[in-house]
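The residues making up each chain are set out below.
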Amino acid sequence: MHEMSIALAVIEQVEQAAAEHGAQAVEEVLLQVGELAGVVPQALDFCYELACADTVLAGSTLTVEPVAARARCVDCGREWAVGMPPDLACPGCGGARTELLAGRELQILQVRWAADPVLARADQEG
Amino acid sequence: MCRTVDLQQAVLARNDDSAQELRTALAARGTIAVNLLSSPGSGKTELLERELGLARERGVPVAALTADLATENDALRLGRSGVPVKQVLTDGLCHLEAVMLRGHLDGWLPQATRLLFVENVGNLVCPASYDLGESLRVALASVTEGEDKPLKYPTAFGLAHLVLVTKTDLAAAVGFDEAAFLANVRRVNPGVEVVLTSARTGQGVGTLLDRALAVLAGEPVHRPVMGRPAGHAHGAPLADHS
Ligand SMILES: [Zn+2]
(Lines give C-alpha, C1' and ligand atoms only; values in the text may rest on other atoms or scores of the structure.)
Protein backbone atom coordinates (compact mmCIF):
# COMPACT_ATOMS: atom_id res chain seq x y z
CA MET A 1 0.00 0.00 0.00
CA HIS A 2 1.88 3.05 -1.25
CA GLU A 3 -0.61 5.49 0.28
CA MET A 4 1.66 5.54 3.34
CA SER A 5 4.56 6.69 1.16
CA ILE A 6 2.30 9.32 -0.40
CA ALA A 7 1.13 10.49 3.04
CA LEU A 8 4.72 10.74 4.24
CA ALA A 9 5.70 12.74 1.16
CA VAL A 10 2.80 15.16 1.77
CA ILE A 11 3.75 15.54 5.43
CA GLU A 12 7.41 16.14 4.62
CA GLN A 13 6.54 18.90 2.16
CA VAL A 14 4.06 20.56 4.51
CA GLU A 15 6.55 20.39 7.41
CA GLN A 16 9.10 22.13 5.21
CA ALA A 17 6.58 24.82 4.27
CA ALA A 18 5.62 25.24 7.94
CA ALA A 19 9.26 25.78 8.88
CA GLU A 20 9.63 28.36 6.10
CA HIS A 21 6.49 30.21 7.22
CA GLY A 22 7.12 29.92 10.96
CA ALA A 23 3.85 28.03 11.39
CA GLN A 24 3.34 25.98 14.53
CA ALA A 25 0.33 23.94 13.58
CA VAL A 26 -1.62 22.92 10.52
CA GLU A 27 -5.37 22.94 10.27
CA GLU A 28 -6.00 21.69 6.76
CA VAL A 29 -4.14 20.38 3.74
CA LEU A 30 -5.85 20.59 0.38
CA LEU A 31 -4.72 17.85 -1.96
CA GLN A 32 -5.66 17.49 -5.60
CA VAL A 33 -6.00 13.85 -6.65
CA GLY A 34 -6.66 12.90 -10.25
CA GLU A 35 -8.89 9.98 -11.13
CA LEU A 36 -5.87 8.25 -12.73
CA ALA A 37 -3.32 9.13 -10.03
CA GLY A 38 -3.42 5.58 -8.69
CA VAL A 39 -4.29 6.69 -5.17
CA VAL A 40 -7.16 5.38 -3.05
CA PRO A 41 -8.49 8.39 -1.06
CA GLN A 42 -9.79 6.32 1.87
CA ALA A 43 -6.47 4.52 2.26
CA LEU A 44 -4.64 7.84 2.02
CA ASP A 45 -6.88 9.36 4.71
CA PHE A 46 -6.14 6.47 7.05
CA CYS A 47 -2.37 6.66 6.49
CA TYR A 48 -2.36 10.44 6.76
CA GLU A 49 -3.95 10.40 10.19
CA LEU A 50 -1.48 7.79 11.45
CA ALA A 51 1.57 9.50 10.00
CA CYS A 52 0.61 12.99 11.21
CA ALA A 53 0.95 12.07 14.87
CA ASP A 54 3.77 13.98 16.59
CA THR A 55 4.25 16.38 13.67
CA VAL A 56 3.01 19.94 13.11
CA LEU A 57 0.24 18.30 11.11
CA ALA A 58 -1.18 16.38 14.08
CA GLY A 59 -4.96 16.74 14.16
CA SER A 60 -5.12 18.39 10.75
CA THR A 61 -7.67 17.53 8.08
CA LEU A 62 -6.72 16.18 4.69
CA THR A 63 -9.19 17.46 2.12
CA VAL A 64 -9.08 15.75 -1.24
CA GLU A 65 -10.16 17.62 -4.33
CA PRO A 66 -10.86 14.97 -6.95
CA VAL A 67 -10.10 15.69 -10.60
CA ALA A 68 -12.04 13.84 -13.28
CA ALA A 69 -9.95 12.41 -16.09
CA ARG A 70 -10.55 13.96 -19.53
CA ALA A 71 -8.95 13.22 -22.87
CA ARG A 72 -8.93 14.73 -26.36
CA CYS A 73 -8.45 13.20 -29.77
CA VAL A 74 -5.66 14.75 -31.81
CA ASP A 75 -7.25 13.64 -35.08
CA CYS A 76 -10.93 14.55 -34.70
CA GLY A 77 -10.77 16.99 -31.78
CA ARG A 78 -13.35 15.19 -29.70
CA GLU A 79 -13.13 15.58 -25.90
CA TRP A 80 -14.55 13.06 -23.45
CA ALA A 81 -14.69 11.96 -19.83
CA VAL A 82 -12.29 9.05 -19.58
CA GLY A 83 -14.12 7.25 -16.78
CA MET A 84 -12.89 4.34 -14.67
CA PRO A 85 -11.64 1.97 -15.89
CA PRO A 86 -10.34 4.56 -18.32
CA ASP A 87 -11.13 4.60 -22.01
CA LEU A 88 -8.29 6.45 -23.68
CA ALA A 89 -8.93 5.49 -27.31
CA CYS A 90 -11.13 8.00 -29.14
CA PRO A 91 -14.83 7.12 -28.84
CA GLY A 92 -15.49 9.21 -31.96
CA CYS A 93 -13.08 8.05 -34.66
CA GLY A 94 -11.50 5.14 -32.77
CA GLY A 95 -8.08 6.75 -33.15
CA ALA A 96 -5.12 6.03 -30.89
CA ARG A 97 -3.60 9.51 -31.18
CA THR A 98 -5.19 10.97 -28.09
CA GLU A 99 -3.95 13.05 -25.19
CA LEU A 100 -4.85 13.27 -21.55
CA LEU A 101 -6.09 16.72 -20.48
CA ALA A 102 -6.52 15.96 -16.79
CA GLY A 103 -6.62 13.08 -14.36
CA ARG A 104 -3.05 12.33 -13.27
CA GLU A 105 -2.82 15.17 -10.71
CA LEU A 106 -1.34 14.46 -7.31
CA GLN A 107 -0.38 17.72 -5.74
CA ILE A 108 -0.68 19.80 -2.62
CA LEU A 109 -2.74 22.84 -3.56
CA GLN A 110 -2.94 24.70 -0.30
CA VAL A 111 -2.11 24.53 3.39
CA ARG A 112 -4.10 26.33 6.06
CA TRP A 113 -2.23 27.00 9.30
CA ALA A 114 -4.01 26.68 12.63
CA ALA A 115 -5.33 29.80 14.36
CA ASP A 116 -3.42 31.83 16.98
CA PRO A 117 -0.11 32.07 15.18
CA VAL A 118 0.70 35.16 17.27
CA LEU A 119 0.35 33.24 20.53
CA ALA A 120 2.37 30.41 19.14
CA ARG A 121 5.09 32.77 18.07
CA ALA A 122 5.08 34.52 21.45
CA ASP A 123 5.51 31.14 23.15
CA GLN A 124 8.49 30.39 21.03
CA GLU A 125 10.14 33.75 21.64
CA GLY A 126 9.31 33.87 25.34
CA MET B 1 1.15 35.95 8.95
CA CYS B 2 -1.05 34.53 6.20
CA ARG B 3 -3.25 31.71 7.32
CA THR B 4 -3.01 29.86 4.05
CA VAL B 5 -0.28 29.21 1.55
CA ASP B 6 -0.67 27.99 -2.01
CA LEU B 7 1.94 25.34 -2.49
CA GLN B 8 1.04 23.83 -5.89
CA GLN B 9 3.63 21.19 -5.17
CA ALA B 10 3.59 17.76 -6.83
CA VAL B 11 3.58 15.14 -4.09
CA LEU B 12 5.95 12.86 -5.98
CA ALA B 13 8.20 15.67 -7.19
CA ARG B 14 11.14 14.50 -5.13
CA ASN B 15 10.99 10.98 -6.56
CA ASP B 16 10.51 12.28 -10.08
CA ASP B 17 13.52 14.58 -9.72
CA SER B 18 15.67 11.74 -8.37
CA ALA B 19 14.49 9.50 -11.20
CA GLN B 20 15.43 12.08 -13.79
CA GLU B 21 18.88 12.49 -12.21
CA LEU B 22 19.39 8.74 -12.24
CA ARG B 23 18.28 8.47 -15.88
CA THR B 24 20.80 11.16 -16.80
CA ALA B 25 23.58 9.56 -14.75
CA LEU B 26 22.93 6.16 -16.35
CA ALA B 27 22.81 7.66 -19.84
CA ALA B 28 26.16 9.36 -19.23
CA ARG B 29 27.75 5.96 -18.74
CA GLY B 30 25.90 4.34 -21.62
CA THR B 31 23.36 2.40 -19.57
CA ILE B 32 19.56 2.31 -19.64
CA ALA B 33 17.26 0.84 -17.03
CA VAL B 34 14.25 -1.34 -17.81
CA ASN B 35 11.52 -1.36 -15.16
CA LEU B 36 9.45 -4.56 -15.04
CA LEU B 37 6.04 -4.48 -13.36
CA SER B 38 3.76 -7.42 -12.71
CA SER B 39 1.68 -9.26 -10.15
CA PRO B 40 3.35 -11.98 -8.10
CA GLY B 41 3.40 -15.29 -9.95
CA SER B 42 3.16 -13.72 -13.40
CA GLY B 43 6.20 -15.64 -14.64
CA LYS B 44 8.26 -12.45 -14.82
CA THR B 45 11.33 -13.99 -13.18
CA GLU B 46 11.22 -17.03 -15.47
CA LEU B 47 11.02 -14.88 -18.60
CA LEU B 48 13.74 -12.54 -17.34
CA GLU B 49 16.00 -15.53 -16.67
CA ARG B 50 15.66 -16.54 -20.34
CA GLU B 51 16.29 -12.99 -21.56
CA LEU B 52 19.40 -12.63 -19.39
CA GLY B 53 20.73 -15.95 -20.65
CA LEU B 54 20.20 -14.80 -24.22
CA ALA B 55 21.96 -11.51 -23.53
CA ARG B 56 24.93 -13.41 -22.17
CA GLU B 57 25.05 -15.64 -25.26
CA ARG B 58 25.02 -12.59 -27.49
CA GLY B 59 27.69 -10.84 -25.45
CA VAL B 60 25.44 -7.95 -24.34
CA PRO B 61 26.59 -6.68 -20.92
CA VAL B 62 23.46 -6.78 -18.76
CA ALA B 63 22.72 -6.81 -15.05
CA ALA B 64 19.58 -7.40 -13.06
CA LEU B 65 18.30 -6.05 -9.79
CA THR B 66 15.34 -7.80 -8.28
CA ALA B 67 13.21 -6.31 -5.51
CA ASP B 68 11.22 -8.46 -3.17
CA LEU B 69 9.30 -8.00 0.03
CA ALA B 70 11.22 -10.69 1.90
CA THR B 71 12.70 -13.70 0.12
CA GLU B 72 15.77 -14.19 -2.05
CA ASN B 73 14.48 -16.89 -4.41
CA ASP B 74 14.33 -14.63 -7.45
CA ALA B 75 17.99 -13.70 -7.24
CA LEU B 76 19.00 -17.34 -7.03
CA ARG B 77 17.01 -18.10 -10.17
CA LEU B 78 18.26 -15.10 -12.10
CA GLY B 79 21.82 -15.83 -10.95
CA ARG B 80 21.73 -19.06 -12.99
CA SER B 81 21.91 -16.95 -16.15
CA GLY B 82 25.48 -16.02 -15.22
CA VAL B 83 25.03 -12.26 -15.30
CA PRO B 84 25.46 -9.89 -12.32
CA VAL B 85 22.32 -10.06 -10.18
CA LYS B 86 21.47 -8.21 -7.00
CA GLN B 87 18.61 -8.90 -4.65
CA VAL B 88 17.03 -6.02 -2.79
CA LEU B 89 14.73 -6.69 0.14
CA THR B 90 12.26 -3.87 0.65
CA ASP B 91 11.30 -4.97 4.18
CA GLY B 92 7.62 -4.81 3.45
CA LEU B 93 7.63 -1.69 1.30
CA CYS B 94 5.38 -2.35 -1.69
CA HIS B 95 7.46 -0.54 -4.30
CA LEU B 96 10.93 0.73 -5.18
CA GLU B 97 11.68 4.45 -5.27
CA ALA B 98 14.35 6.13 -7.37
CA VAL B 99 16.55 7.10 -4.42
CA MET B 100 16.46 3.53 -3.09
CA LEU B 101 17.39 2.14 -6.50
CA ARG B 102 20.27 4.55 -6.84
CA GLY B 103 21.58 3.57 -3.41
CA HIS B 104 21.51 -0.09 -4.42
CA LEU B 105 23.34 0.59 -7.69
CA ASP B 106 26.16 2.58 -6.10
CA GLY B 107 29.22 0.40 -5.79
CA TRP B 108 27.54 -2.59 -7.42
CA LEU B 109 26.46 -1.88 -10.99
CA PRO B 110 29.35 -3.09 -13.18
CA GLN B 111 30.78 -0.30 -15.31
CA ALA B 112 30.35 -2.26 -18.55
CA THR B 113 26.57 -2.72 -18.04
CA ARG B 114 24.48 -1.51 -20.97
CA LEU B 115 21.08 -2.81 -19.90
CA LEU B 116 19.95 -2.86 -16.29
CA PHE B 117 16.78 -4.88 -15.74
CA VAL B 118 14.90 -3.93 -12.59
CA GLU B 119 12.39 -6.48 -11.43
CA ASN B 120 10.08 -4.34 -9.33
CA VAL B 121 8.17 -5.67 -6.30
CA GLY B 122 5.42 -8.04 -7.46
CA ASN B 123 2.50 -5.63 -7.32
CA LEU B 124 0.63 -3.76 -10.05
CA VAL B 125 -0.64 -0.88 -7.93
CA CYS B 126 2.10 0.84 -5.99
CA PRO B 127 5.16 0.60 -8.29
CA ALA B 128 3.15 2.18 -11.12
CA SER B 129 3.32 5.62 -9.48
CA TYR B 130 7.10 5.67 -9.10
CA ASP B 131 9.45 6.56 -11.92
CA LEU B 132 12.75 4.76 -11.28
CA GLY B 133 14.75 6.54 -13.96
CA GLU B 134 13.99 3.80 -16.46
CA SER B 135 14.00 4.34 -20.21
CA LEU B 136 11.72 1.39 -20.87
CA ARG B 137 8.79 0.41 -18.68
CA VAL B 138 7.28 -3.01 -19.22
CA ALA B 139 4.04 -4.35 -17.73
CA LEU B 140 3.60 -8.12 -17.72
CA ALA B 141 0.55 -10.32 -17.21
CA SER B 142 0.21 -14.07 -17.54
CA VAL B 143 -2.65 -15.69 -19.45
CA THR B 144 -3.79 -17.21 -16.15
CA GLU B 145 -4.56 -13.78 -14.69
CA GLY B 146 -7.52 -13.08 -16.96
CA GLU B 147 -8.29 -10.67 -19.77
CA ASP B 148 -9.45 -7.80 -17.56
CA LYS B 149 -6.09 -7.32 -15.81
CA PRO B 150 -5.36 -4.07 -17.74
CA LEU B 151 -8.70 -2.62 -16.64
CA LYS B 152 -8.15 -3.59 -13.02
CA TYR B 153 -4.68 -2.00 -13.01
CA PRO B 154 -5.01 0.85 -15.51
CA THR B 155 -2.05 2.85 -14.21
CA ALA B 156 0.40 -0.04 -14.51
CA PHE B 157 -0.70 -0.93 -18.05
CA GLY B 158 -1.51 2.65 -19.03
CA LEU B 159 2.00 3.92 -18.40
CA ALA B 160 3.85 0.97 -19.98
CA HIS B 161 6.02 1.35 -23.07
CA LEU B 162 5.63 -2.35 -23.81
CA VAL B 163 3.22 -5.04 -22.60
CA LEU B 164 4.25 -8.69 -22.40
CA VAL B 165 1.81 -11.57 -22.02
CA THR B 166 3.51 -14.52 -20.32
CA LYS B 167 2.80 -18.27 -20.06
CA THR B 168 1.02 -18.47 -23.42
CA ASP B 169 1.67 -22.22 -23.32
CA LEU B 170 -1.20 -22.30 -20.82
CA ALA B 171 -3.54 -20.10 -22.90
CA ALA B 172 -5.67 -22.92 -24.28
CA ALA B 173 -5.92 -24.66 -20.92
CA VAL B 174 -7.25 -21.55 -19.15
CA GLY B 175 -9.33 -20.33 -22.11
CA PHE B 176 -7.42 -17.06 -22.48
CA ASP B 177 -9.26 -14.65 -24.79
CA GLU B 178 -6.40 -12.91 -26.56
CA ALA B 179 -8.60 -10.47 -28.51
CA ALA B 180 -10.33 -9.31 -25.32
CA PHE B 181 -6.99 -8.82 -23.56
CA LEU B 182 -5.63 -6.79 -26.48
CA ALA B 183 -8.77 -4.65 -26.58
CA ASN B 184 -8.45 -3.95 -22.86
CA VAL B 185 -4.79 -2.98 -23.20
CA ARG B 186 -5.59 -0.64 -26.11
CA ARG B 187 -8.36 0.95 -24.09
CA VAL B 188 -5.96 2.09 -21.34
CA ASN B 189 -2.89 2.49 -23.55
CA PRO B 190 -3.75 3.07 -27.24
CA GLY B 191 -0.92 2.16 -29.60
CA VAL B 192 1.25 0.22 -27.15
CA GLU B 193 2.96 -2.93 -28.45
CA VAL B 194 1.74 -6.21 -26.92
CA VAL B 195 3.92 -9.30 -27.32
CA LEU B 196 2.92 -12.88 -26.48
CA THR B 197 5.62 -14.88 -24.72
CA SER B 198 6.24 -18.24 -23.15
CA ALA B 199 9.46 -19.00 -21.32
CA ARG B 200 8.56 -22.68 -21.74
CA THR B 201 8.01 -22.86 -25.51
CA GLY B 202 10.32 -19.96 -26.30
CA GLN B 203 7.57 -17.91 -27.98
CA GLY B 204 8.50 -14.23 -27.94
CA VAL B 205 11.65 -14.87 -25.91
CA GLY B 206 14.23 -12.29 -26.94
CA THR B 207 11.65 -9.57 -27.56
CA LEU B 208 12.39 -7.87 -24.27
CA LEU B 209 16.12 -7.88 -25.01
CA ASP B 210 15.56 -6.62 -28.58
CA ARG B 211 13.28 -3.77 -27.48
CA ALA B 212 15.69 -2.75 -24.72
CA LEU B 213 18.60 -2.73 -27.18
CA ALA B 214 16.57 -0.59 -29.57
CA VAL B 215 15.95 1.97 -26.84
CA LEU B 216 19.64 1.87 -25.94
CA ALA B 217 20.42 2.60 -29.60
CA GLY B 218 18.25 5.69 -29.38
CA GLU B 219 15.09 4.49 -31.12
CA PRO B 220 12.02 6.35 -29.86
CA VAL B 221 9.80 4.58 -27.35
CA HIS B 222 6.01 4.51 -27.36
CA ARG B 223 4.50 7.49 -25.56
CA PRO B 224 1.56 6.36 -23.43
CA VAL B 225 -1.49 8.64 -23.44
CA MET B 226 -1.58 8.40 -19.68
CA GLY B 227 1.95 9.80 -19.44
CA ARG B 228 1.93 13.17 -17.79
CA PRO B 229 0.31 15.69 -20.11
CA ALA B 230 2.22 18.68 -21.40
CA GLY B 231 1.71 21.93 -19.51
CA HIS B 232 0.93 20.08 -16.29
CA ALA B 233 2.08 21.78 -13.09
CA HIS B 234 3.91 18.62 -12.13
CA GLY B 235 7.30 19.35 -10.63
CA ALA B 236 7.09 23.01 -11.56
CA PRO B 237 8.79 25.44 -9.21
CA LEU B 238 6.67 27.34 -6.71
CA ALA B 239 7.48 30.66 -8.37
CA ASP B 240 5.53 29.70 -11.48
CA HIS B 241 2.30 29.80 -9.55
CA SER B 242 2.68 32.67 -7.16
ZN1 LIG C 1 -11.02 10.91 -32.77
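Because the structure is a prediction, the values reported are computed rather than measured.

1. Considerations on the overall build of chain B
Move 1: Looking only at helices and strands, chain B features nine helices and eight strands.
Move 2: Principal-axis analysis of the C-alpha atoms gives chain B an extent of 70 × 45 × 35 Å.
Move 3: Out of the 242 residues belonging to chain B, those deemed buried represent 55%.
Move 4: For chain B, the accessible area works out to roughly 9,900 Å², and carbon and sulfur atoms hold 50% of it.

2. Comments concerning the pairing of strand β5 (residues 115–119) of chain B
Moving residue by residue along a regular strand, the side chains alternate between the two faces of the sheet.
All names here are of chain B.
Move 1: Most of β5 is tucked away: five of the five residues are buried.
Move 2: Neither face of β5 is exposed, since L115, F117 and E119 on one face and L116 and V118 on the opposite face are all buried.
Move 3: Two strands pair when backbone bridges link them, and strand β3 (residues 62–68) and β5 are joined in this way by five bridges, in the parallel orientation. In the strand pairing of β5, A63 is matched with L116.

3. Some remarks on the packing of helix α1 (residues 13–28) of chain B against helix α4 (residues 98–105) of chain B
Residue and element names in this part refer to chain B.
Move 1: Interhelical geometry of α1 versus α4 gives an angle of 35° and a closest axis separation of 8 Å. Every residue of α4 that contacts α1 at N15, S18, A19, E21, L22, A25 and L26 is listed here: A98, V99, L101, R102 and L105.
Move 2: Class assignment for the residues of the contact of α1 with α4 results in eight nonpolar, two polar and two charged.

4. A closer look at the sheet that holds strand β7 (residues 162–166) of chain B
Hydrogen bonds between backbone atoms are what pair the strands of a sheet, whose relative direction is either parallel or antiparallel.
Residues and elements named next belong to chain B.
Move 1: One open sheet accounts for seven strands, arranged β4-β3-β5-β2-β6-β7-β8; its pairing is parallel. Only two strands of the sheet have a single partner each, and these edge strands are β4 (85–89) and β8 (193–196). Strand-to-strand twist in this sheet, taken as the mean axis angle between neighbours without regard to direction, amounts to 20°.
Move 2: Across five bridges, strand β2 (residues 32–37) lies against β5 in parallel orientation. Paired with I32 across the bridge in β5 is L115.
Move 3: In the packing of α4 onto the sheet, contacts are made with β3, β4 and β5, and the angle to β3 comes to roughly 130°.

5. What to know about the pairing of β3 of chain B
Residues and elements named next belong to chain B.
Move 1: Most of β3 sits out of view: seven of its seven residues are buried.
Move 2: Neither face of β3 is open: one carries V62, A64, T66 and D68, the other A63, L65 and A67, and all of them are buried.
Move 3: Both β3 and β4 contribute to a ladder of five bridges, which runs parallel. Across the sheet, the residue bridging to A67 is V88, located in β4.

6. Brief notes about the sheet that holds strand β4 (residues 79–81) of chain A
All names here are of chain A.
Move 1: As summarised here, the arrangement of the three strands in space is β4-β3-β5, forming an open sheet in which the pairing is antiparallel. Either end of the sheet is taken by a strand with one partner, and the two such strands are β4 and β5 (98–102). Along the sheet, successive strands turn relative to each other by an average axial angle of 30°, direction set aside.
Move 2: Two elements, strand β3 (residues 70–73) and β5, share four bridges in a ladder whose sense is antiparallel. Counted as the bridge partner of C73 is T98 from β5.

7. Brief notes about the confidence of the model for chain A
Move 1: In this model, chain A carries a mean pLDDT of 90, and residues with pLDDT of at least 70 account for 90%.
Move 2: Averaged pLDDT values for the elements of chain A fall to 46 in helix α3 (residues 117–125) of chain A and rise to 97 in β4 of chain A.

8. Side note on helix α1 (residues 3–21) of chain A
An α-helical turn contains 3.6 residues, so any two residues separated by three or four positions project in the same direction.
Move 1: Look at α1 of chain A: 27 Å from first C-alpha to last across 19 residues, which is about the 27 Å you get at 1.5 Å a residue.
Move 2: Every buried residue of α1 of chain A is listed here: E3, S5, I6, A7, A9, V10, I11, Q13, V14, A17 and A18 of chain A.
Move 3: Elements that come into contact with the buried residues of α1 of chain A comprise β1 (26–34), α2 (41–52) and β6 (106–113) of chain A together with β1 (4–10) of chain B.
Move 4: Just downstream of α1 of chain A lies G22 of chain A, where phi reads positive at about 65°.

9. Concerning the packing of aromatic side chains
Residue and element names in this part refer to chain B.
Move 1: Considering all chains together, one arrives at one aromatic pair over all chains under this definition.
Move 2: Residues F176 and F181 carry aromatic rings whose centres are separated by 5.6 Å and whose planes lie at 50° to one another, so their mutual orientation is tilted. When sorted by exposure, F176 lands in the same class as F181, which is buried.

10. Here we look at the nonpolar core
Move 1: Membership of the largest hydrophobic core comes to 31 residues, with the highest contact counts inside it found for V14, V29, L31, Y48, L106, I108 and W113 of chain A.
Move 2: Mapped onto this core, the elements with two or more residues apiece are α1, β1, α2 and β6 of chain A together with β1 of chain B.
Move 3: At eight residues, α1 of chain A tops the list of elements feeding residues into this core.
Move 4: L47, V60, L136 and V205 of chain B belong to the second-largest nonpolar core, a separate cluster that totals 26 residues.

11. Overview of the confidence of the model for chain B
Move 1: Averaged over all residues, the pLDDT of chain B is 91; the fraction at 70 or higher stands at 93%.
Move 2: Taken over the whole predicted complex, pTM reads 0.90, whereas the ipTM for its chain interfaces reads 0.85.

12. Considerations on the interface of chain B and chain A
Move 1: Taken together, the contact pairs 36 residues of chain B with 41 residues of chain A.
Move 2: Of the roughly 3,400 Å² buried at the junction of chain B and chain A (both faces included), carbon and sulfur atoms supply 57%.
Move 3: Seen at the junction of chain B and chain A, the total is three salt bridges.
Move 4: Along the contact surface separating chain B from chain A lie 17 residue pairs in polar contact (both at pLDDT 80 or more).
Move 5: Sorting the residues of the side of chain B that touches chain A by element identifies β1, α6 (154–158) and α8 (178–188) of chain B as the ones contributing at least two each.
Move 6: Counting residues per element, the side of chain B that touches chain A draws most heavily on β1 of chain B, which supplies seven residues.
Move 7: Split by residue class, the side of chain B that touches chain A holds 21 nonpolar, eight polar and seven charged.
Move 8: With five bridges connecting them, β6 of chain A and β1 of chain B associate as antiparallel partners. Within β1 of chain B, the residue paired with Q110 of chain A across the bridge is D6 of chain B.

What counts, and where the lines are drawn
Residues numbered from 1 in each chain as written. Chains lettered and ligands numbered in written order. Predicted model: local features only at pLDDT ≥ 70, side-chain atom pairs only at ≥ 80, totals over all residues. Heavy atoms only, no water. Helix = DSSP H or I, 4+ residues; strand = E, 2+ residues; numbered from the N terminus. Buried < 20%, exposed > 50% of the residue type's maximum accessible area, 1.4 Å probe, protein only. Areas by Shrake-Rupley, 256 points an atom, 1.4 Å probe, with all protein chains shown as cover. Pairing = 2+ DSSP bridges. Axes fitted to C-alpha atoms, helices over the stretch in contact; angles between N-to-C directions. Contact = heavy atoms within 4.5 Å. Nonpolar A, V, L, I, M, F, W, Y, C, P; charged D, E, K, R; others polar. pLDDT = per-residue confidence, 0-100. Expected span 1.5 Å × (residues − 1). Phe/Tyr/Trp six-rings, centres within 6.5 Å; stacked < 30°, edge-to-face > 60°. Core = buried A, V, L, I, M, F, W, Y, C linked by side-chain atoms within 4.5 Å. Buried area = accessible area lost by both parts, 1.4 Å probe. Salt bridge = Lys/Arg side-chain N within 4 Å of Asp/Glu carboxyl O. Polar contact = N/O pair within 3.5 Å; in protein donor to acceptor, adjacent residues only side chain to side chain.

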